[in-house]
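# Coordinates in review
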Amino acid sequence: MLLLTGKSLLGQQKNEFQKDFDFLYQELQKTPSYADQITGEKKTAYQNLYAKLKAQPVAPTALDTFYNLSKLLWPIKDKHLAFYQNYNRDIDFKTLQTPGFIRDYRTSPTFKSFPRVKLNLDSLESSLAKKATGSVEGIYVIGDVAKIGIYRTLRKDSLVGVLLSSKLQTWDRGQLFSILIQTSPNSFRTVYCDLATKAFRYVENDKLTNGQFHHYDLKKLNIVSYANFRSNDAYIFNTLEPNIQYLHLGSFNGSPENLKIAKAFYNRIKDTLTAPNLIVDLRGNIGGAAKCANQFFALLKNYSEKGKVFVLINGMVISMGERFALRLKPIKNIKLFGETTNGMIAYGNNDGYSPVLPSGRFKLYPTNMPDEAGLLQYEEVGVEPHVFLNNKSDWIKQLKVIIRRTTVN
């Protein structure tokens, strides 16, 4: 019925798993990132990994199966490369609030067999509430929809996320939300469950900055994130003060519709950048196409010959947004401020090819665009700002102070 594929979570046959495993192995080898990175000794190691994983006993649950399949992606640095459980795309948040749907789902084998943690949740929640703000362990929220507890297991680098509460009745307190493997102090290889569909998704490298996981916008309870900025308008221009103008570039979407919107906005503001200081807000820019970004790059480069540009970036700037910031970074009179970008920058997919594995249960979104710009060094790392801003006050206000100091000096 549902949220996943409609197939049982238990009893997967060995031949079904091996067909999925072989298919995924073959598809990954077609990607530019595999060709770039898995060579020489790494290729031998990858082949050994394949043989080792294939020889393992068939996993008992869909989560175990998905996790084992995802290990084929671990050696490849390519954050555009996506792997997730197939799901019913007709389900939306409105459906999830329909009494009949909720009743049928909560009495289904799919719901009853969904992975759960075996802990005293009241004690766990009480313990996590006392964790330091800087600790990865603690209580996190997804907007006002769900509360997640993240705690360490007995394995030093392993953590688990458990659903503590949710406004969505398709979830139960104690159900598993995520599995995290800590790969560095603030980076995590993650399998998490989509809040709406409950489908498993693999995230190669999710970063924790100032109490916030960027991929899922999961942030510590009671933490205000001044790094974030969201607007229903992708493009905004206004004057903040007589000597400071503001330009928000929230998307470089390459769809025909957005290209028209972006071009109309560009034409409207191209001759109005007259203040000596310009704040360019890239926060939350998830990228798009060069044909959208290039007009704004040329505009800012030209403006920088007579004025100063202060560019805001955060951990949710990805793909073409990151490339845009990186191109601006070395230009005189342009400086980047904020926090390091996401690190999903080197590769891409321009044809939408997204094959379903033979079992029908899992889906791959492979990349097909090579790293022609030589940006692999930024993959999983991101683009650093010239100046890091703190998360204790509004970033625009912080920039205004910096601009005033710059003007005085």
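Residues numbered from 1 in each chain as written. Predicted model: local features only at pLDDT ≥ 70, side-chain atom pairs only at ≥ 80, totals over all residues. Heavy atoms only, no water.

## Structural notes on the environment of valine 356
Our working rule: Each helix is a run of DSSP H or I of at least 4 residues and each strand a run of E of at least 2, with the numbering of both proceeding from the N terminus. Only protein chains enter the accessibility calculation, which uses a 1.4 Å probe; a residue whose area is less than 20% of its type maximum is buried, one above 50% is exposed, and one in between is partly exposed.
Along the chain, the position of valine 356 falls in the loop between strand 14 (334-338) and strand 15 (362-365). Judged by relative accessible area, which is 36%, valine 356 ranks as partly exposed. Placed 332 residues apart in sequence, valine 356 and leucine 24 show a C-alpha to C-alpha distance of 9.5 Å.

## A short note on the nonpolar core
Let me state the cut-off plainly: The definition of a nonpolar core used throughout is a set of buried Ala, Val, Leu, Ile, Met, Phe, Trp, Tyr and Cys residues joined through side-chain atoms within 4.5 Å. Working rule for contacts: check all heavy atoms of both residues, and any pair within 4.5 Å makes them a contact.
The biggest cluster of nonpolar side chains holds 64 residues, and the ones touching the most others in it are Leu24, Leu28, Phe83 and Phe213. Not counting residues within four places of it along the chain, the set of residues in contact with leucine 28 comprises Tyr34, Tyr46, Leu72, Leu73, Ile76, Leu81 and Leu364. Counting residues in hydrophobic clusters, the runner-up holds 37 residues, among them Phe252, Tyr266, Phe296 and Leu328.

## Examining the packing of aromatic side chains
Applied cut-off: We call Phe, Tyr and Trp rings a pair once their centres come within 6.5 Å, taking the six-membered ring for Trp, and we label the pair stacked below 30 degrees between planes, edge-to-face above 60, and tilted otherwise. A ring has a charge above it when a Lys NZ or an Arg CZ is no more than 6 Å from the ring centre and no more than 35 degrees off the ring normal.
Considering all chains together, one arrives at 28 aromatic pairs under this definition. Look at phenylalanine 114 and tryptophan 171: their rings are 5.7 Å apart centre to centre, the planes differ by 80°, and that puts the pair in the edge-to-face class. Placement of the pair is phenylalanine 114 in the loop between helix 6 (109-112) and helix 7 (121-128) and tryptophan 171 in the loop between strand 4 (158-166) and strand 5 (176-184), with a sequence separation of 57 residues. Following the ring pairs from residue to residue traces out a cluster consisting of Phe66, Phe83, Phe114, Trp171, Phe177, Tyr192, Phe200, Tyr216 and Phe362. The ring of phenylalanine 297 carries arginine 327 above its face, with NZ or CZ at 3.7 Å from the centroid.

## Notes on helix 3 (residues 41-55)
Selection rule: Expected helix span is computed as 1.5 Å times (number of residues minus one). Think of it as the arc spanned by the lines of direction from the helix axis to the C-beta atoms.
Along its 15 residues, helix 3 runs 21 Å from first to last C-alpha, staying within 8% of the 21 Å computed at 1.5 Å per residue. Residues of helix 3 that are buried: Tyr46, Tyr50 and Leu53. Down the axis of helix 3, the sector holding all buried residues measures 75°, keeping them to one side. Away from its buried face by more than 90 degrees, helix 3 exposes Glu41, Asn48, Lys52 and Ala55.

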